[in-house]
Number of protein chains: 2
Amino acid sequence: MTYCCGILVRDGLVMIADTRTNAGLDNISTFRKLHVFEQPGERVLMLAAAGNLSVTQGVLNFLKEGFENPETKEIESALTAPTMLKAAQFVGKAVRRARAEAFDPSDQTNGVSFDVTMLLGGQIKGSEPRLFMIYSAGNSIECSQDTNYLQIGEHKYGKPILDRAANYDSDIYDALKIGLISMDSTIKSNLSVGLPIDVALLRKDSMELEVQTRIDAGDEYFRDLRERWSKALRAAHMAIPAPPYRGREK
Amino acid sequence: MTYCCGILVRDGLVMIADTRTNAGLDNISTFRKLHVFEQPGERVLMLAAAGNLSVTQGVLNFLKEGFENPETKEIESALTAPTMLKAAQFVGKAVRRARAEAFDPSDQTNGVSFDVTMLLGGQIKGSEPRLFMIYSAGNSIECSQDTNYLQIGEHKYGKPILDRAANYDSDIYDALKIGLISMDSTIKSNLSVGLPIDVALLRKDSMELEVQTRIDAGDEYFRDLRERWSKALRAAHMAIPAPPYRGREK
């Protein structure tokens, strides 16, 4: 399983992804799920992936090497797309191709899912930072100011804190903090999501990543955040008065 | 969708269920999902159900009316089972029968799920309070002191607070409060789980419900709990220092 989220704020974009992959419960590995394509001063693209690892790697290879646009006969890649929307569409095409290469649709017997879901966030010079989710079918949706985050993978455990705390006017480091709390809730409840966590923070118009780091089990700040959050939740529920209900009412 | 949870503590048992049912997103109704079978002084059984409503009602009818045990030729029902384990096994049999009556297995075309999952909690005189989860196949698992709660339906949003706060030595009204916070998190993130909420609290050896009530949108305490919890979560995340990460590390 996987948990990745992207949070879009007025000042930029934060993306967070875990690194645990599994083929069955007894075959667990660490793979990077957050990938950066960057031309400093020109474009920063961040891609997070959940789902079939083989298809994901196929998509990444297409993004790096590009493929020919049948109409223009030109080689397109993530680094040549003129806008974020075109880049998202390119990722959608790459997903379709990678899935088509990964399996034989007439083979219905192996029970493996070749689905992938991806988040593509970033900024290309001359336009705003944007964040997209690309589905297995190759189609996509875009994050908006109303709901300023997108999640892929095991999204439920970490959604309540995003729903309550994340908004478009949040400070960008506050958004990063909220994302890390969301990741903590997911790691706590689902063993198939695990450390280390990759983090990227792109400040609007800076055209290069302001933060790109990996948080592992020894990370002081993340350990402190987890402890404070646990303590605060305990204190919060203890501070709520006991239920007054007694007897049979209905 | 549905959310129900049961929490077992040293002093007894709490069960909580929402009441929202839907047949498609555009057909939403209110149905009781928490049912009580009681012989004061003798037994208190509480059954919560998630899944197909028609199968659920079939199960309830079997529990009330009973059916013949092919071996003993006697009519068995939830009110005649001599132990909680036998009662859970009876619910399992009732689930199998109700599913068998609800659909024709040769009809693979309608796409409707006839699955149900149930929680059965309670106490029968002479033994401890026990809590079981009964699956669609009719098999069951029992709640233990190590993980002292069981959930059915949309369980993920409300699981983190249970994992952090619920334990077997909790005060029984504290367990009720934790259950209500868990329900609040679920209602907040999943529209298909909704008020009113049915609540039952059984104190060990009292052999009758100490609380049986319905919490609706006008309920003062629940409104206050939701507000306090929201405020506490906001305060908790704001009290955590900002992430110290800067620059490119890895």
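Residues numbered from 1 in each chain as written. Chains lettered and ligands numbered in written order. Predicted model: local features only at pLDDT ≥ 70, side-chain atom pairs only at ≥ 80, totals over all residues. Heavy atoms only, no water.

S.K.: Residues and numbers for the overall build of chain A, please.
M.R.: Each helix and strand counted, chain A has five helices and 15 strands in total. On C-alpha atoms alone, chain A measures out to a radius of gyration of 20 Å, which is about the 18 Å that the 2.2 N^0.38 rule sets for 250 residues. C-alpha extents for chain A along the principal axes are approximately 75 × 50 × 45 Å. Here chain A, with 250 residues, has 53% of them falling under the buried criterion. Pairs at least 24 residues apart make up 63% of the contacts formed inside chain A by residues separated by at least 6 positions. Element-wise, carbon and sulfur atoms account for 49% of the exposed surface of chain A, whose accessible area totals about 11,000 Å². The average position of the 30 basic charges and that of the 33 acidic charges among the side chains of chain A differ by 6 Å. (Helix = DSSP H or I, 4+ residues; strand = E, 2+ residues; numbered from the N terminus. Rg over C-alpha atoms; globule rule 2.2 N^0.38 Å. Buried < 20%, exposed > 50% of the residue type's maximum accessible area, 1.4 Å probe, protein only. Contact = heavy atoms within 4.5 Å. Areas by Shrake-Rupley, 256 points an atom, 1.4 Å probe, with all protein chains shown as cover. Lys, Arg positive; Asp, Glu negative; His and termini not counted. Charge placed at Lys NZ, Arg CZ, Asp CG, Glu CD.)

S.K.: Explain the pattern of salt bridges to me, using residue names and the numbers behind them.
M.R.: Residue and element names in this part refer to chain A. For the coordinates displayed, the defined rule picks out 34 salt bridges over all chains. A salt bridge links Asp163 to Lys159, with the shortest nitrogen-to-oxygen separation between them at 2.9 Å. Here Lys159 and Asp163 lie together in helix H3 (residues 159-165), a separation of four residues that amounts to about one turn. Salt-bridge contacts for Glu210 lead to Arg203; the nearest nitrogen and oxygen are separated by 2.8 Å. (Salt bridge = Lys/Arg side-chain N within 4 Å of Asp/Glu carboxyl O.)

S.K.: Describe in detail the interface of chain A and chain B, supporting the description with residues and values.
M.R.: At the junction of the two partners, chain A supplies 54 residues and chain B supplies 54 residues. Both sides together, the interface formed by chain A and chain B hides about 5,100 Å², and carbon and sulfur atoms give 57% of it. Across the contact surface, chain A and chain B share six salt bridges. Note that Arg248(B) and Glu38(A) form a salt bridge whose closest N and O atoms lie 2.8 Å from each other. Where chain A meets chain B, there are 26 residue pairs in polar contact (both at pLDDT 80 or more). Of all elements in the fold, only H3, helix H4 (172-189), strand E14 (211-215), helix H5 (220-239) and strand E15 (247-248) of chain A reach the threshold of two or more residues within the side of chain A that touches chain B. Among the elements that take part in the side of chain A that touches chain B, H5(A) stands out by supplying 13 residues, more than any other. Grouping the constituent residues of the side of chain A that touches chain B by class yields 26 nonpolar, eight polar and 20 charged. (Buried area = accessible area lost by both parts, 1.4 Å probe. Polar contact = N/O pair within 3.5 Å; in protein donor to acceptor, adjacent residues only side chain to side chain. Nonpolar A, V, L, I, M, F, W, Y, C, P; charged D, E, K, R; others polar.)

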